[in-house]
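# Overview (structure and organization)
Now for the letters of each chain:
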Amino acid sequence: MSAVSPPTHTIPGLPALVFTALAGTMAMMAFVAVVGPVVRLLGLAEWHAGLAVTAAGLLWMLAARRWGLLSDRIGRRRVLLIALAAYAAVYLAMAVFVDVALRNPPVVLVSVLALVGTRALVGLFYAAVPPTAAALVADGARPGHRAAVMARLGAANALGMAVGPAAAGWIAFHDLSLALYVAAALPLLSLLVVWWRLPLDGPLVGDAPRPPRQALTWRDPRLRLPVGAVFAAMVSVTIAQVMVGFFAIDRLGLSPADGARVAGLSLTAVGVGLMVSQMLVMRLKSVPPSRWIALGAAISAIGFASLALIDVQWQLLLAYAVSSFGMGFVFPSFQALAADSVEAHEQGAAQGTVASVQGFGMVIGPLLGTLLYRVSPGAPYLMVGAVLAVLALAAVRHRPGLA
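Described in the following lines is the structure provided in the data block.

Calculation criteria
Residues numbered from 1 in each chain as written. Predicted model: local features only at pLDDT ≥ 70, side-chain atom pairs only at ≥ 80, totals over all residues. Heavy atoms only, no water. Helix = DSSP H or I, 4+ residues; strand = E, 2+ residues; numbered from the N terminus. Rg over C-alpha atoms; globule rule 2.2 N^0.38 Å. Buried < 20%, exposed > 50% of the residue type's maximum accessible area, 1.4 Å probe, protein only. Contact = heavy atoms within 4.5 Å. Areas by Shrake-Rupley, 256 points an atom, 1.4 Å probe, with all protein chains shown as cover. Salt bridge = Lys/Arg side-chain N within 4 Å of Asp/Glu carboxyl O. Phe/Tyr/Trp six-rings, centres within 6.5 Å; stacked < 30°, edge-to-face > 60°. Lys NZ or Arg CZ within 6 Å of the ring centre and 35° of its normal. Patch = residues over 30% accessible without salt bridge, like charges linked within 9 Å, V, L, I, M, F, W, Y side chains within 5 Å. Core = buried A, V, L, I, M, F, W, Y, C linked by side-chain atoms within 4.5 Å.

## Quick word on the overall build of the protein chain
Helix and strand counts for the protein chain come out as 13 helices and 0 strands. In the protein chain, the order of α-helices and β-strands from amino to carboxyl end is α-α-α-α-α-α-α-α-α-α-α-α-α. Scaling as 2.2 N^0.38, a compact globule of 403 residues should have a C-alpha radius of gyration of about 22 Å, and the protein chain matches this with 20 Å. Seen through its principal axes, the protein chain has C-alpha atoms that stretch 60 × 45 × 35 Å. Residue burial in the protein chain is summarised as follows: out of 403 residues, 55% are buried. Within the protein chain, contacts between residues at least 6 apart in sequence are counted, and of these 87% link residues at least 24 apart. Split by element, the accessible area of the protein chain, about 17200 Å² in all, is 71% carbon and sulfur.

Laid out in C-alpha cells, this is it:
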C-alpha cells in the first residue's frame, strides 16, 4: 500500500459503494415495512416479528468482525461479492416462502422457523457490507478527511431508510409478496454493480515488517470512543424505531391505523434529518470526527429527551427530525475515528469490530426500550438522552492518537 493516500475524491469504486449502501439499506428496511402484515396473515404473534429482527442483529454482531478480518486477508472486493451473492439468494428464498405461505399457510412453527431463519441469514451476510465498504474508504481516504467520505455512505443509508419502507409499503398495498421480490432484487443489483465497477484488489500486505499485535477487540483502547459511540447510537436509534408506533398511539391518543401513519411520517423525518446533517459533514471536511460526535450526541440528546414532554403530532415529528439530525453527525464520524485510530493493515478488523458492536446495539436496544416503556412512555427517551449526553462529554474529553 502506498505511503501517501490519494485524495478523497479519487477513491476507486466509491459510486459502487454508495449504491450498495443505498440498495442494501432499502432491502433491509423493506422487510420492516411488510413484516407486520405478513405476521398477521400467517397467524403469528407480534413477538415472532421481534424475534426475527433480533436474530438478524445477533448474527450481525457475531459475524461483522470476522467479515472485516476476512477482507484484510482476501481483499475487499471478494468479500463484498461473496456476501452480496449470499444476501440476494437468502432474500429471494424468503420472498418465495412468503409468496407460497400466503396462498397456503403452513403450521405456525414452520412459518416462524422460515422467517426467523432467513432474516437471521440476511443479517449474517449483510453484516459484511458496512465494515468492508468503510474499510475501502479508509484504505483510500487521507486520515482526517475520512468522515466526509464516510458521510456519503451514511447519506445513502439515510436515503434507503427513508425510501425503502415507503416503496415497500406502496408495493405491498398492491401485492405483499411482490414487495419482497423487489427487495430481493436490490442486493442482486448491488452484486452486479460491485462486480462491474469496483477494481480488483487483494490481501493487504504492508511494505515493511510489522511487530506482532494482538487481534483487535472491543476493549482495544484505540477504539474506546468509536465503540462507545456506535453502541450508544444504535441503542438510541433502535429504541426510537421500535417505540414510535406505540408512543404515537398511547401519548397522542391515536388509533392503531393513525399511529402507523404517524410512525411512518416520523421515520421519514428521520431520513431527512440524517441526509441534511451528513451533507454538512461532507462539506466541512476539516472538522475532526470526535468533534462531530460531541456535537451530534448533544443535539440528539436534547431531541430524544424532549420526547418525554410532547403531546401533539408536530412536536413528535420535530423531535425525531432534531434527533436524527444529530445522529447524522455521529454515524460517519465513529467509522472515520476508528479508521484514523488504527494502522493500515488493521482497517478491516477495526471496521468489523465497530460493526459487531453495532449489531449488539441492535439486539439490546429493542429489549431495553420495551422494558422501560412499561415504566412510562417517556422513560426510554429520557434514558437515551442521558446516554447520549454521556457520549457527548466523552467525545469532548477525547484526545486522538494511536495506542
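## What about the pattern of salt bridges?
One pass over the structure, following the stated rule, counts 6 salt bridges. Here Asp72 ties to Arg76 by a salt bridge, and the two come within 2.7 Å at their closest N and O atoms. Across the pair, Arg76 and Asp72 agree in class, each one buried. Three or more residues joined by partner-sharing salt bridges are found here, namely Asp72, Arg76 and Asp139.

## Focus on the packing of aromatic side chains
Considering all chains together, one arrives at 10 aromatic pairs under this definition. An aromatic cluster is defined as three or more aromatic residues linked by ring pairs; in this entry it consists of Trp60, Tyr87, Tyr91 and Tyr126. Its guanidinium or amino end placed over the ring of Trp196, Arg197 lies 5.1 Å from that ring's centre, counting from NZ or CZ.

## Some details on a nonpolar patch on the surface
The grouping of Val107, Leu109, Val110 and Leu113 at the surface amounts to a nonpolar patch, some 400 Å² of accessible area in total. When you line up the elements, Val110 lands in helix H4 (residues 108–126). Of the residues examined, Val110 reaches a relative accessible area of 39% and is grouped as partly exposed.

## A look at the side chain of Ser277
With respect to the helices and strands, Ser277 occurs in helix H9 (residues 256–283). The exposure class assigned to Ser277 is buried, which follows from its relative accessible area of 0%. Ser277 has contacts with Ser324, Phe325, Gly328 and Phe329, leaving out every residue within four places of it along the chain.

## Considering the nonpolar core
If you look at the biggest cluster of nonpolar residues, it comprises 131 residues, and the most contacted ones within it are Tyr87, Tyr91, Val137, Leu307, Leu316 and Phe334. A per-element tally of this core places helix H8 (residues 224–252) first, with 16 residues. Filtering out sequence-adjacent residues up to four positions away, Tyr87 remains in contact with Gly24, Ala27, Met28, Val122, Phe125, Tyr126 and Pro187.

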